[in-house]
Structure formats: C-alpha cells, structure tokens
Amino acid sequence: MENYLDMTGSDTENKDFTEIKDGEYEVEIESAEETEIPSTHTPKLKIVYNIRSDIDQEFKGRKIFDDWFKGKDTHDYNKKRLKQLIGATKRATDNQTFATLKEVLDFLVGKQVVVVVKNEDDNWGGKTRTRLNVKYWKESQHKPTTLEDDMPKAEVDTGDLPF
C-alpha cells in the first residue's frame, strides 16, 4: 500500500519563501477583527493587509499581519494609532465618529493605504525571532482598480430604449 504523504527526505523545509523586505507597500486592508490568543485569552486586534497586485511592486499578493494589543495602563487599543490608520485611508470625514470598535474595524476593511514595514527582532518567551512590523501608514497614491475599470464601456443609443 502506497503512503499518502511521506515526510522523509529534504523537501520538508520551505526554501522558496522569502521574507517581505523593509519598505513601503501599497496594500488593501483585507480584514480587521478583534480576536484573542487561544492559550491566554488575551484580546488583540488582527489586521491583515494584502499587498496590491494591481500596482507594480515587489511581493504582490502577499499578506502582512499586524497584531495590536491593549495597553497595560489604558486597557484599550492605541486610539492615536487607530486615528492615524483611519486618516491614511482618506475616507473619513473630519467630524466622523465611531460608536464601537466594531464600527472602526468594519470601516477599515477594503480601504487602501501605504504601509511602512520593518523587520525587527522580537524577544518573547525566551526566544528571539524576526517579525515584520507595521511602523506607520501613508495615503495611497493609486486609485483602487475594480472589475468595472476593466470592463469595456458600452454605448447605448437612447432611441433604442423602450421607455
């Protein structure tokens, strides 16, 4: 009987994966949700950015994961950073308010921004690893493309319409 999956050999490591480099990337916010770390039940915001494929840039289609934790002194997420992220979308009005965190997160999904990222060493649990951290956001310089942008424009003669 043939095995479905044989883990012996040298092909068990992912050698094709390359880390996203430090820099600026045009992204779309794919998801933004409050969740928790299962082992500790620590709440966190989990924001997933998708590096836009409609713009000529490195790492198209790759994801950037950004976890936010509550401050120990405030027991809340950093509202200044939330305002900076919302401001970079250029979609909020000056007097806009959000009644709940969920409203803020729902507002962010689908918006385009530029993320500035840096690979940094992170020491946690006695281990050091390199993490890609979002340092700040800037306004996107590219209009988002939609399916409608790719569709040919049909010309309609109003004389052909039945009304």
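Each chain has its residues counted from 1, following the order in which its sequence is written. Confidence filtering applies because this is a predicted model: local features only for residues at pLDDT of at least 70, side-chain atom pairs given and counted only at 80 or more, and all residues used for totals across whole chains, interfaces and linings. Side-chain descriptors were evaluated using all non-hydrogen atoms of the structure, hydrogens and water having been removed beforehand.

Things to note about the nonpolar core
Then step 1. We define the nonpolar core as a collection of buried residues of types Ala, Val, Leu, Ile, Met, Phe, Trp, Tyr and Cys that are connected through side-chain atoms lying within 4.5 Å of one another. Between buried and exposed lies partly exposed: a residue is buried under 20% and exposed over 50% of the maximum accessible area for its type, with that area taken using a 1.4 Å probe on protein chains only. By size, the foremost hydrophobic cluster in this structure holds 27 residues, and its most contacted members are Y49, I64, L85, V115 and W137.
Then step 2. At the level of elements, β1 (23–37), β2 (42–51), β3 (63–69), α1 (79–89), α2 (101–108), β4 (112–124) and β5 (127–139) are the ones that each hand at least two residues to this core.
Then step 3. Note on contacts: a residue pair qualifies if any of its non-hydrogen atoms lie within 4.5 Å across the two residues. Not counting chain neighbours up to four residues away, the residues in contact with V115 comprise G23, E24, Y25, V27, Y49, I64, V134, Y136 and W137. Comment: elements are numbered from the N terminus, with helices defined as DSSP H or I runs of at least four residues and strands as E runs of at least two.

As for the layout of surface pockets
Then step 1. Cavities and pockets were defined on a 1 Å grid built from protein atoms only: a cavity is a group of points that admits a 1.4 Å probe but offers it no way out, a pocket is an open group of points flanked by protein on both sides within 12 Å along at least five of seven lines, and a lining residue is one with an atom within 4 Å of any such point. Grid points are joined across faces, edges and corners, and a volume is the space filled by probe spheres set on the points. Of the volumes computed, that of the largest pocket is approximately 560 Å³.
Then step 2. As for the largest pocket, its lining consists of 17 residues, of which D67, W68, F69, D122 and R131 are closest to the centre.
Then step 3. At the level of secondary structure, the elements contributing two or more residues to the lining of the largest pocket comprise β2, β3, β4 and β5.
Then step 4. Among the residues forming the lining of the largest pocket, the class breakdown is seven nonpolar, three polar and seven charged.
Then step 5. By volume, the second largest pocket is sized at about 390 Å³.
Then step 6. Lining of the second largest pocket is provided by 16 residues; of these, L82, K83, I86, F98 and V104 occupy positions nearest its centre.
Then step 7. Among the elements that line the lining of the second largest pocket, the one with the most residues is α1, at five residues.
Then step 8. Here the lining of the second largest pocket is built from residues that sort into seven nonpolar, four polar and five charged. As a working rule, the residues Ala, Val, Leu, Ile, Met, Phe, Trp, Tyr, Cys and Pro are called nonpolar, Asp, Glu, Lys and Arg charged, and the rest polar, with Gly in that last group.

Some thoughts on the pairing of β2
Then step 1. Should DSSP find at least two bridges between two strands, the strands are regarded as paired. Pairing of β1 with β2 involves ten bridges; the strand directions are antiparallel. From the neighbouring strand, E28 faces β2, where its bridge partner is N50.
Then step 2. Linking β1 to β2, which pair antiparallel, is a turn of four residues; within it H41 sits at a positive phi near 60 degrees.
Then step 3. The pairing of β2 with β3 spans seven bridges and is classified as antiparallel. Along β3, the bridge assignment pairs L45 with W68.

Re the sheet that holds β1
Then step 1. Pairing within the open sheet is antiparallel, and its five strands lie in the order β3-β2-β1-β4-β5. Here the strands that pair on one side only, and so sit at the sheet edges, are β3 and β5. With strand direction ignored, the average angle separating the axes of adjacent strands in the sheet is 35 degrees.
Then step 2. Looking at chain direction, β4 and β5 are connected through twelve bridges and run antiparallel. The residue bridging V117 from the neighbouring strand is V134, located in β5.
Then step 3. Contacting β1, β2, β3, β4 and β5, α1 crosses the sheet at an angle of about 50 degrees to β5.
Then step 4. To obtain each axis, a line is fitted to C-alpha atoms, and for helices this fit is confined to the stretch in contact; angles are then taken between N-to-C directions over 0 to 180 degrees. Along the sheet, α2 contacts β1 and β2; its crossing angle with β1, the most-contacted strand, is approximately 150 degrees.

Looking at the packing of aromatic side chains
Then step 1. Between 30 and 60 degrees the pair is tilted, below 30 it is stacked and above 60 it is edge-to-face, where a pair is any two Phe, Tyr or Trp rings, Trp via its six-membered ring, whose centres lie within 6.5 Å. For the structure on display, the rule yields three aromatic pairs.
Then step 2. Taking the centre distance of 6.0 Å and the plane angle of 70 degrees together, the rings of Y25 and F59 count as edge-to-face. Here F59 lies in the loop between β2 and β3 and Y25 lies in strand β1, a separation of 34 residues in the sequence. The pair formed by Y25 and F59 is uniform in burial state, with each residue classed as buried.

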